[in-house]
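Chain by chain, the residues:
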Amino acid sequence: MTVPHPTLPPEHSERPPEPPEGRLPEDRGHMLRRRVLTLLIIVLLIGVPAGYLAISAGQSRDSGRDKERESSAVGLQDNWPSLMKRRVFEIPVPSDAWHVAYYETSNWKTSRLYVQFTTSAAGLDAFLADSGAGRAALKPGEVTVSTRDADIVGWRFTPDRAWSGATITREQPRPHTTITADLTDPAFPRVYVVSATSP
């Protein structure tokens, strides 16, 4: 009868354990590179979206401040209204205009955009045509901007000027526009526009 020989546990064996089939043992340099790569991937996956969110939040905050500043402004602002405002209220300020100023009011019922500018005679013709009217729509001696609207922005239509006015009525929800032009100097008319729209 043969007695089996006891085998030594692996930690006491003379040969080191074999690596799993098909894999070479990982050296220290490879292990460090793998860990750095893993860390870089984690940083990119977390850091890039976090950075994007931080930038977006900053831009949103700045945009909100601009809107707040604009809405808290009282009276005309010496600046061009944004292209979006000009499109919504259908006020095609001519490209050659100068001394442009605007003011916007809004409530639950009506939004109004007040715009004033000086232009050339050709600029006035282009403005009227792009607004859906023509020079013939201007009625000499008429001030079409209401007293209420004029008071809101401080416009004064004194009788010593050569006023002409036009009203452009469009189908809802498109805006209703009143135009008053000072033609005292016909080569450089000063134009006052109020466009109102209901949301």
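Preceding this paragraph is the structure being described.
The structure reproduced in this document is the subject of the present report.

Cut-offs used in this document
- Residues numbered from 1 in each chain as written.
- Predicted model: local features only at pLDDT ≥ 70, side-chain atom pairs only at ≥ 80, totals over all residues.
- Heavy atoms only, no water.
- Helix = DSSP H or I, 4+ residues; strand = E, 2+ residues; numbered from the N terminus.
- Buried < 20%, exposed > 50% of the residue type's maximum accessible area, 1.4 Å probe, protein only.
- Contact = heavy atoms within 4.5 Å.
- Areas by Shrake-Rupley, 256 points an atom, 1.4 Å probe, with all protein chains shown as cover.
- Core = buried A, V, L, I, M, F, W, Y, C linked by side-chain atoms within 4.5 Å.
- Phe/Tyr/Trp six-rings, centres within 6.5 Å; stacked < 30°, edge-to-face > 60°.
- Salt bridge = Lys/Arg side-chain N within 4 Å of Asp/Glu carboxyl O.

Of regular secondary structure, the protein chain possesses four helices and six strands. When each of the 199 residues of the protein chain is scored for burial, the buried share is 32%. Of the contacts made within the protein chain by residues no fewer than 6 positions apart, 50% connect residues no fewer than 24 positions apart. Carbon and sulfur atoms provide 59% of the accessible area of the protein chain, an area that totals close to 13,900 Å².

Glancing now at the nonpolar core. One finds Ile91, Phe117 and Phe127 to be the most contacted residues of the largest nonpolar core, which totals 20 residues. Where this core is concerned, the elements lending two or more residues are strand 1 (98-106), strand 2 (111-118), helix 3 (121-131), strand 4 (163-168), strand 5 (176-182) and strand 6 (190-197). With residues near it in sequence (within four places) discarded, Ile91 still touches Arg86, Leu113, Val115, Phe127, Val193 and Ser195. Membership of the second largest hydrophobic core comes to ten residues, among which are Val153, Trp155, Phe157 and Val194.

This part is about the side chain of Ser164. Examined against the element boundaries, Ser164 turns out to sit in strand 4. In this structure Ser164 comes out as buried when scored by relative accessible area, which is 6%. Setting aside anything within four residues of it in sequence, one finds Ser164 in contact with Leu138, Lys139, Pro140, Gly141, Glu142, Ile179, Thr180, Ala181 and Leu183.

The next subject is the packing of aromatic side chains. Under the counting rule described, the total for this entry stands at nine aromatic pairs. Residues Tyr103 and Tyr114 carry aromatic rings whose centres are separated by 6.2 Å and whose planes lie at 35° to one another, so their mutual orientation is tilted. Here Tyr114 lies in strand 2 and Tyr103 lies in strand 1, a separation of eleven residues in the sequence. The same class applies to Tyr103 and to Tyr114, which are both buried. Ring plane angle 85° and centroid distance 5.3 Å describe the contact between Phe157 and Tyr192, whose orientation is recorded as edge-to-face. One end of the pair, Phe157, is in the loop between helix 4 (147-153) and strand 4; the other, Tyr192, is in strand 6, with 35 residues separating them in the sequence. Take Tyr192: its relative accessible area is 13%, and that puts it in the buried class. Through pairs of rings, three or more aromatic residues link up here, namely Tyr103, Tyr114, Trp155, Phe157, Trp163 and Tyr192.

Inspection of every chain in the model, using the stated rule, returns eight salt bridges. In this structure, Asp125 and Arg135 form a salt bridge, with 2.7 Å as the shortest nitrogen-oxygen distance. Of the two residues, Asp125 sits in helix 3 while Arg135 sits in the loop between helix 3 and strand 3 (139-140), which places them ten residues apart along the sequence. Given the relative accessible area of 36%, Arg135 is considered partly exposed. Here the salt bridges do not stand alone but share partners, grouping Glu90, Arg170 and Arg174 into one network.

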